[in-house]
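Observations on chain architecture
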Amino acid sequence: MNRLFFGVVIALLFTFILAPTVVIALSSFGTSEILEFPPQSFTLRWYAYALARPEFTSAAWNSLWLAVSSTAIATPLAIAASLAITRGRLPGREVLQTILLAPLVVPSVVIGLAILLASSRLGFSSGSTRLIAAHVLIVLPYLVRTTSASLVRLDPLAEEAARTLGANSLRTFLHVTLPGLAPGLLAGMIFGFIISFDNVSISLFLANARTNTLPLSLMSYVEYNLDPSVAAVSTLLILMALVVAIALERFAGLRKTLGA
Amino acid sequence: MPALDIQSVTKSYNKLRVLDRVSAQIDKGELVTLLGPSGCGKTTLLRSIAGLADIDEGRIVLEGRDVTKVPIHKRGIAMVFQSHALFPHMSVADNVAFGLKMQGVGKAEREDRVKRALSLVRLDAYLTRMPHELSGGQQQRVAIARAIVTNPTALLLDEPFGALDRKLRETLQVELRRLTKELGITAIFVTHDQEEAVVLSDRVAVMNAGVIQQIAPAVDVYENPANEFVANFMGFQNIFDAKVRSAQELAIGDTVIATDKIDVAPGEGIRMAIRAERVSITAGHREGAIPGQVSSSTYLGEQNAYVVDTADGPVTARIPTSVARFSMGEAVSVSFDPAAVRVLAS
Ligand SMILES: Nc1ncnc2c1ncn2[C@@H]1O[C@H](COP(=O)(O)OP(=O)(O)OP(=O)(O)O)[C@@H](O)[C@H]1O
Ligand SMILES: [Mg+2]
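These numbers come from a predicted model, not from an experiment.

This next bit is on the overall build of chain A. Counting secondary structure elements, chain A contains eleven helices and zero strands. What you see in chain A, going N to C, is helices and strands ordered as α-α-α-α-α-α-α-α-α-α-α. Projecting the C-alpha coordinates of chain A onto the three principal axes gives extents of approximately 70 × 65 × 35 Å. Sorting the 260 residues of chain A into buried and exposed places 38% on the buried side. Carbon and sulfur atoms make up 73% of the accessible area of chain A, which amounts to about 14300 Å² in all. In chain A, which carries 16 positive and 11 negative side-chain charges, the distance between the mean positions of the two groups comes to 10 Å.

This is how it looks when you write it as structure tokens:
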């Protein structure tokens, strides 16, 4: 009885989480000019249509570029910050940690607005630099979190052992520290990439026509159109996230084989 | 010239003096154990020698070369830590090969030496295993192989067998001694187990509160402790106040006991020590023995441990069960084997 109840709850939960995704995916194949569910007949035409629209493709490239570069910039910063937080005897490292993780708790609308105001004040309004800086800020906490988590599990004595075995600090970092924090770092990079790619609230304040991102252009598209091309793009995004999630799971598995 | 010359090394953490002018000379191929209670500075001394901790004063001279200011990776001192500290993402072979790689040893020679080092610790069959697939004792042996494969000038071991069970420890102690002797490695081995120290080493350094109290062959430390701390630490159960009467007599309270030759002027008060095994008990009262009453008796198999309450304090004795047995409250007297009485320096 209890088990049955439990099973039903879980089934409902999954339905609740997955149903919208399934609805979107199915509707993207509908032939009708207006989004409908369930579709009467099926076609791939909306995929072709979406992929041929420059506002989607160029926005997709913008988003990709933005996510890749903000993650790439945040990565070394996150490594340095994690080392300082977990290894250093830095005074005030708890404060540093809190500040670094703050973007996780501050509403991102606030961050977007704050950066907009601050950068205009400073007379610094180059669209893409500002946008990338803001994305680095929201990506960083994820990277710092996961990287520090890996680093905490890495025995500092292993690094000292490497030093006594003739490795200078750089080689110790490359051969011992970096492989040790790799699982967390990679997970953080993947998270960071998705966070940046999906972000609406910050980009909304900082993007311009040239730097428009995919989530923004989808939003403005649905204001006037309701054809299945939005569903097609969304389905592609879901597919991408799925691939990433599987990769992540692989890493969780990999981590176990490393015995960490 | 000693292989490792530690000269008056002093080190403080937040004004707490952890090492206080520590000096020791260790010969090439010698194995010295560093023995002392928890927190006395053993790890700190090893870390100072390896360069993992900066020292405030003093010098570390390695085969004639002052390495006090030389960075860790250029000292050629390998260290084995209490927790094996293997590289978790590398196979056993890669762990052992690490030091050779850093030295720029070519691949063929590297593989050869790795195999040899692993066969020395009897793990040649485990080349491709990951560290987490090994038992604690095997991990510790890999750590030892990783340290010795580079032919270090000195090998420092910080309680490497601390977490292992007794039997495995004994096996590894024998293996380690064999290894260092075979390879002629100069080694310092930290432990707080006095038995381990006695079994393993050429000389034992007993340390307390940042000071080396005595450094001498195991037999000497065991039989002729330099001071009360060492006597206590090496398991002398009986330590008393006494007064020197003559070159071969001590007075404990009202009792005069015979001893071997004493180098202290008559009339001086001293501390004396004797092991429980060298105390004998006789029933009733006897001249030259301290009278008392049996206040506790513990059966230890081959021996009985007795505590005899005397006017000068409790005396612990271990008497083979085959020799005699005494009952609780029995009036007895205790006497000391003159050759086993030790006068402690104050
Ligand atoms: N990094 C440090 N910062 C501050 N104090 C330290 C540090 N390392 C050691 N100490 C202090 O120095 C003293 C000696 O420590 P050490 O680790 O050398 O002791 P030990 O003899 O190795 O003890 P154990 O047998 O418990 O390992 C202790 O009082 C310890 O608290
Ligand atoms: Mg220690």
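Now for the packing of helix α4 (residues 93-105) of chain A against helix α6 (residues 127-153) of chain A. Residues and elements named next belong to chain A. Between α4 and α6, the shortest axis-to-axis distance is 8 Å and the interhelical angle comes to 115°. As for the relative orientation of α4 and α6, their crossing is left-handed in sense. Of the residues in α6, those touching α4 at L100, L101, P103 and L104 are L137, I138, L140, P141, Y142, V144 and R145. Across the contact of α4 with α6, the residue classes tally to ten nonpolar, no polar and one charged.

We now examine the pairing of strand β13 (residues 255-258) of chain B. Residues and elements named next belong to chain B. Here β13 shows a buried face lined by T255 and I257 and an unburied face lined by V256 and A258. With four bridges connecting them, strand β12 (residues 249-252) and β13 associate as antiparallel partners. Counterpart to L250 in the pairing with β13 is I257.

Looking now at the packing of aromatic side chains. Taken as a whole and judged by the stated rule, the model has ten aromatic pairs over all chains. A ring pair is formed by W46 of chain A and Y49 of chain A, whose centres lie 5.5 Å apart and whose planes are at 80°; its orientation type is edge-to-face. Of this pair, W46 of chain A and Y49 of chain A both sit in helix α2 (residues 45-52), three residues apart, roughly one helical turn. A relative accessible area of 31% means that Y49 of chain A is categorised as partly exposed. Here F161 of chain B and F189 of chain B contribute two aromatic rings whose centre-to-centre distance is 5.7 Å and whose plane-to-plane angle is 55°, an arrangement assigned as tilted. Of this pair, F161 of chain B sits in the loop between β7 (154-158) and α5 (166-183) while F189 of chain B sits in strand β8 (residues 186-191); the two residues are 28 residues apart in sequence, bridging distant segments of the chain. Assessed through its relative accessible area of 1%, F161 of chain B is described here as buried. If you follow R45 of chain A out to its NZ or CZ, it ends over the ring of W46 of chain A, 4.1 Å from the centre. Note that K11 of chain B overlies the ring of Y13 of chain B, its terminal NZ or CZ placed 4.6 Å from the centroid.

Turning our eyes to something else, we now look at the interface of chain B and chain A. In this assembly, 24 residues from chain B lie in contact with 21 residues from chain A. Both sides together, the interface formed by chain B and chain A hides about 2000 Å², and carbon and sulfur atoms give 67% of it. Summed over the three residues of chain B that lose the most area to chain A, namely H73, H89 and M102 of chain B, the buried surface amounts to 31% of that side. Remark: the boundary between chain B and chain A carries one salt bridge. Put simply, R47 of chain B and E160 of chain A hold a salt bridge, and the shortest N to O gap is 2.6 Å. There are five residue pairs in polar contact (both at pLDDT 80 or more) connecting chain B and chain A. Sorting the residues of the side of chain B that touches chain A by element identifies α1 (42-50), β6 (77-80), α2 (92-103) and α4 (136-148) of chain B as the ones contributing at least two each. Sort the elements by how many residues they give to the side of chain B that touches chain A and α2 of chain B lands first, with four residues. Its residues placed into classes, the side of chain B that touches chain A shows 15 nonpolar, six polar and three charged.

Another aspect to go through is the packing of helix α8 (residues 169-198) of chain A against α2 of chain B. Interhelical geometry of α8 of chain A versus α2 of chain B gives an angle of 150° and a closest axis separation of 13 Å. When the interaxial angle is binned, α8 of chain A and α2 of chain B end up roughly antiparallel. Crossing handedness for the pair α8 of chain A and α2 of chain B: right-handed. Of α2 of chain B, the residues touching α8 of chain A (which contributes R171, H175 and V176 of chain A) are F98, K101 and M102 of chain B. For the contact of α8 of chain A with α2 of chain B, the per-class residue count stands at three nonpolar, one polar and two charged.

Residues and elements named next belong to chain B. Core analysis: the biggest nonpolar cluster contains 35 residues, and V96, L118, I144, L155 and L157 have the highest contact counts within it. Looking at this core, the elements with two or more residues in it are β6, α2, α3 (107-120), α4, β7, α5 and β8. If you tally residues by element for this core, the top one is α4, at six residues. Once residues lying within four places of it in the same chain are set aside, the contact partners of V96 are V114, A117, L118, V142, A145, R146 and V149. Core analysis: the next-biggest nonpolar cluster, separate from the first, contains 33 residues, V22, A24, L45 and A85 among them.

On to the sheet that holds β13 of chain B. Residue and element names in this part refer to chain B. Taking strand neighbours across the sheet as the criterion, the five strands line up as β13-β12-β11-β14-β20 in an open arrangement whose pairing is antiparallel. Each of the sheet's edge strands pairs with one partner strand only, and the pair in question is β13 and β20 (342-344). When strand polarity is set aside, the average angle formed by the axes of neighbouring strands in this sheet is 45°. Alignment of strand β14 (residues 269-274) against β20, held across three bridges, turns out to be antiparallel. Its bridge partner lying in β20, M272 is registered against V343.

This next bit is on the environment of N224 of chain B. Residues and elements named next belong to chain B. With respect to the helices, strands and loops of the structure, N224 is situated in the loop between α7 (218-223) and α8 (228-233). Along the chain, N224 and M234 lie ten residues apart, while their C-alpha atoms are 9.9 Å from each other. Excluding residues that lie within four positions of it along the chain, N224 makes contacts with Q214, V219 and R342.

All names here are of chain B. Around ligand 1, the surrounding shell holds 13 residues, and the nearest of these are S38, G39, K42, T43 and T44. Interatomic distance of 3.0 Å between a backbone N/O atom of G41 and an oxygen atom of ligand 1. At 2.6 Å from an oxygen atom of ligand 1 is found a side-chain nitrogen or oxygen belonging to T43. Protein chains shield 62% of the accessible area of ligand 1, which is 630 Å² for the free molecule. For the shell around ligand 1, the secondary-structure elements that each account for two or more residues are β2 (16-26) and α1. Here the shell around ligand 1 is built from residues that sort into five nonpolar, six polar and two charged.

Criteria and cut-off values
- Residues numbered from 1 in each chain as written.
- Chains lettered and ligands numbered in written order.
- Predicted model: local features only at pLDDT ≥ 70, side-chain atom pairs only at ≥ 80, totals over all residues.
- Heavy atoms only, no water.
- Helix = DSSP H or I, 4+ residues; strand = E, 2+ residues; numbered from the N terminus.
- Buried < 20%, exposed > 50% of the residue type's maximum accessible area, 1.4 Å probe, protein only.
- Areas by Shrake-Rupley, 256 points an atom, 1.4 Å probe, with all protein chains shown as cover.
- Lys, Arg positive; Asp, Glu negative; His and termini not counted.
- Charge placed at Lys NZ, Arg CZ, Asp CG, Glu CD.
- Axes fitted to C-alpha atoms, helices over the stretch in contact; angles between N-to-C directions.
- Left-handed = near helix turned anticlockwise from the far one by under 90°.
- Contact = heavy atoms within 4.5 Å.
- Nonpolar A, V, L, I, M, F, W, Y, C, P; charged D, E, K, R; others polar.
- Pairing = 2+ DSSP bridges.
- Phe/Tyr/Trp six-rings, centres within 6.5 Å; stacked < 30°, edge-to-face > 60°.
- Lys NZ or Arg CZ within 6 Å of the ring centre and 35° of its normal.
- Buried area = accessible area lost by both parts, 1.4 Å probe.
- Salt bridge = Lys/Arg side-chain N within 4 Å of Asp/Glu carboxyl O.
- Polar contact = N/O pair within 3.5 Å; in protein donor to acceptor, adjacent residues only side chain to side chain.
- Parallel < 35°, antiparallel > 145°, perpendicular 65-115°, else oblique.
- Core = buried A, V, L, I, M, F, W, Y, C linked by side-chain atoms within 4.5 Å.
- Near = heavy atom within 4 Å.

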